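Letter by letter, the chains look like this.
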Amino acid sequence: MPLLTAQGITRRYGGVIALDDVSLTLNAGEVLGLLGANGSGKSTLSSILAGDNRPQHGTLTLDGAALAMGSPRAARAAGIAIAHQHPGLAPDLPVWENVFLGAEVCTTGRFLDRAGARRRAGELLSSLRTGWDLDAAAGSLNAADQQLVEIAKALALEPRVLIFDEPTAALAAAEVDSLMRVIRALAARGTAIVFISHRMAEIEALCDRVLVLCNGRHAGELQVGGQLDEPRVLAWMGGAAGGAAAAHVHDDAGRRSQRLTNAKASAPAADAANNGAALSVRGLHAGARLRGVDFDLRRGEILGVAGLQGHGQEQLLDALAGYRKPDAGEMMLDGLPLMPRHPRQMIEAGVCLVPNDRHRQGLWLDHSVEFNLAQVAANFERQAWRLHRPSMRRFVDDVVKRLRIKTSDVRQPASALSGGNQQKIVIGRWLERHVKVLLLSDPTKGVDVIARKEIYEAIGALADSGAAVLVYASDTDELLAVCDRLIVMYEGRVVAQLEGSDMNEARVTSALFGRSAA
């Protein structure tokens with residue numbers, strides 16, 4: 001008998017069908033990969049399994065007994081837990097208290113066992129990453145560490161069924177490896193795992209079986225056995241477009257070369273005086289993470305930034321965008337000196353940032369798609385009291401069409417869209433401005449392969465128009481696929497600059513650990 005069974009699950013939001021008669025079975029000790037494009041219904045299904053959402057139709061059973069739906073308490077009591085894609089932490093509480101929030105450890109007399117909870121929280125977190133400050137406020141952690149705390153919260157419940165909703169999207173490679181070891185150990189002890197990810201290599205390495213959703217429907221199911229039939233899965237996810245999306249490439253080498261040639265020909269005279277660089281950085285220091293960064297970014301190119309988590313990549317983008325004041329160094333934009341002091345100053349100069357965390361830094365989730373797309377234009381309008389709404393609406397409609405943002409209406413709240421479509425909004429708001437330098441921090445985190453292709457096509461189009469693009473991604477393969485050149489950071493410095501035949505996994509890996517890239 002399967003441990004968990006979902007039968008005929010249907011969930012509608014108004015006229016939109018999120019899930020249409022979806023069924024699944026899950027066995028003890030099995031890792032089931034749940035795949036699908038953004039908006040296919042994966043998160044809706046996982047939230048129903050965890051009791052966070054109630055379907056209009058369908059049943060859930062555990063060990064053959066019916067489960068009450070729409071009750072997180074009932075799901076938790078039955079042994080079902082979920083690690084959400086977007087952590088739900090209490091930001092002012094210390095890390096260890098967040099791990100056991102809602103599942104407090106008590107002594108025999110029903111008093112809180114704070115020492116025991118703190119010790120156990122440390123053990124759980126250390127299984128994912130070492131070096132935790134358990135007393136730090138959860139809100140002070142970066143996105144990756146908050147995700148690890150969210151995972152530890154789920155592990156603390158010692159569940160029989162554990163759902164991971166995009167757990168690795170914010171994690172570095174070493175943290176992903178640790179998490180996968182933990183998941184394998186849980187499965188070996190009989191825990192049933194539902195694993196949602198857009199990274200096919202993780203699915204192939206970890207999962208016993210995959211179930212694919214497309215537009216809220218069951219599209220296909222197959223055994224993995226250490227080898228995933230990726231073309232078949234991609235076809236189920238999105239039709240013929242999925243196969244082309246797997247490479248994540250927005251153009252071929254010939255088109256890249258032509259783009260760079262055109263950009264060089266149209267570059268202003270100031271570029272020539274600055275060795276062809278639209279942006280030149282020398283000796284940039286900021287806080288403890290940036291210790292003297294040097295690089296040039298050419299007009300019309302996509303320059304990738306690679307590095308292990310915590311070696312200064314995100315701090316570099318923040319400093320260039322004016323969110324972090326540099327302590328020392330020089331920066332030249334179009335051959336003229338410019339030191340970042342404030343985000344508005346940099347935006348007005350044409351340096352724009354797409355942040356790492358779209359929920360906390362990139363969107364007003366409760367506001368409409370139209371509101372989010374129009375905010376940059378409205379905030380930088382010199383006569384804000386005379387906003388020309390028809391032209392603003394034309395811009396919004398144009399971005400929705402160009403980036404293929406899937407929304408029933410531009411007045412729909414951004415929170416109702418899938419992660420990939422939300423990310424397109426964050427990128428699309430800059431399309432009206434004359435962007436000289438576009439900075440992107442992990443722009444396809446938590447985004448499916450089809451939306452990823454569309455996002456990089458939009459980024460490539462900006463580069464084609466002459467913008468200089470600097471992109472950091474935690475996925476090195478992604479950088480190798482889409483970038484013209486790579487810089488690799490280690491301990492706050494650029495330790496390698498790679499292009500052409502030198503852009504390969506072996507050289508990048510050597511540089512990631514501070515070794516020579518030669």
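Residues numbered from 1 in each chain as written. Predicted model: local features only at pLDDT ≥ 70, side-chain atom pairs only at ≥ 80, totals over all residues. Heavy atoms only, no water.

Caption draft 1: Seen up close, the pattern of salt bridges. Summed over all chains, the structure comprises 27 salt bridges. The structure contains a network of salt bridges with shared partners spanning Arg404, Lys424, Lys453, Glu454 and Glu457. (Salt bridge = Lys/Arg side-chain N within 4 Å of Asp/Glu carboxyl O.)

Caption draft 2: Highlighting helix H15 (residues 369–379). Here H15 lies mainly inside the structure; eight of its eleven residues are buried. Buried residues of H15: Val369, Asn372, Leu373, Ala374, Gln375, Val376, Ala377 and Ala378, and no others. Along its buried surface, H15 packs onto helix H16 (389–402) and helix H17 (419–428). (Buried < 20%, exposed > 50% of the residue type's maximum accessible area, 1.4 Å probe, protein only. Helix = DSSP H or I, 4+ residues; strand = E, 2+ residues; numbered from the N terminus. Contact = heavy atoms within 4.5 Å.)

Caption draft 3: Region of the structure containing the nonpolar core. Counting 55 residues, the largest nonpolar core has Ile425, Trp430, Leu438, Leu440 and Cys483 as its most contacted members. If one sorts the elements of this core by residue count, helix H18 (residues 449–464) sits on top with seven residues. If near-sequence neighbours (up to four positions away) are discounted, leucine 438 is found in contact with Cys352, Val354, Trp430, Leu462, Ala468, Val469 and Leu470. (Core = buried A, V, L, I, M, F, W, Y, C linked by side-chain atoms within 4.5 Å.)

Caption draft 4: Spotlight on the sheet that holds strand S7 (residues 161–165). With mixed pairing, six strands are arranged side by side in an open sheet as S6-S7-S8-S3-S9-S10. The open sheet terminates on both sides in strands that have one partner only, identified here as strand S6 (80–83) and strand S10 (217–223). With strand direction ignored, the average angle separating the axes of adjacent strands in the sheet is 20 degrees. By the bridge criterion, four bridges tie strand S3 (residues 31–35) to strand S9 (residues 209–214) in an arrangement that is parallel. The partner of leucine 35 across the bridge, within S9, is valine 212. (Pairing = 2+ DSSP bridges. Axes fitted to C-alpha atoms, helices over the stretch in contact; angles between N-to-C directions.)

Caption draft 5: Seen up close, the confidence of the model for the chain. Predicted confidence across the chain gives a mean pLDDT of 86, with 89% of residues reaching 70 or more. Across the chain, strand S8 (residues 192–196) holds the top mean pLDDT of 96, while helix H9 (residues 240–245) sits lowest at 38. Contacts for the low-pLDDT stretch residues 239–255, under 50 throughout, to residues beyond four places or in other chains number 27 contacts. Across residues 269–273 the pLDDT falls below 50, and counting only partners more than four positions away or on other chains, this stretch makes seven contacts in the model. (pLDDT = per-residue confidence, 0-100.)

Caption draft 6: Structural context of the packing of aromatic side chains. What the rule picks out here adds up to one aromatic pair. On the basis of an interplanar angle of 90 degrees and a centroid distance of 5.7 Å, the ring pair of tryptophan 364 and phenylalanine 371 is categorised as edge-to-face. Classification of tryptophan 364 by relative accessible area gives partly exposed; the value is 40%. Of the residues examined, phenylalanine 371 reaches a relative accessible area of 29% and is grouped as partly exposed. Above the face of the tyrosine 13 ring, arginine 11 is positioned so that its terminal group lies 4.3 Å from the ring centre. One cation-aromatic arrangement involves arginine 129 over tryptophan 132; the distance from NZ or CZ to the ring centre is 4.1 Å. (Phe/Tyr/Trp six-rings, centres within 6.5 Å; stacked < 30°, edge-to-face > 60°. Lys NZ or Arg CZ within 6 Å of the ring centre and 35° of its normal.)

Caption draft 7: The arrangement of the environment of glutamine 361 in detail. Position of glutamine 361 among the secondary structure elements: in helix H14 (residues 358–362). Residues glutamine 361 and valine 426, spaced 65 residues apart in sequence, show a C-alpha to C-alpha distance of 9.6 Å. Those residues in contact with glutamine 361, other than ones at most four positions away along the chain, are Pro355 and Asn356.

Caption draft 8: Fine view of the sheet that holds strand S1 (residues 4–13). If you trace the four strands from one edge of the open sheet to the other, you get S2-S1-S4-S5, paired in antiparallel fashion. Each end of this open sheet is capped by a strand with a single partner; those strands are strand S2 (16–26) and strand S5 (65–66). Across two bridges, the pairing between strand S4 (residues 57–62) and S5 is antiparallel. Along S5, the bridge assignment pairs threonine 61 with alanine 66.

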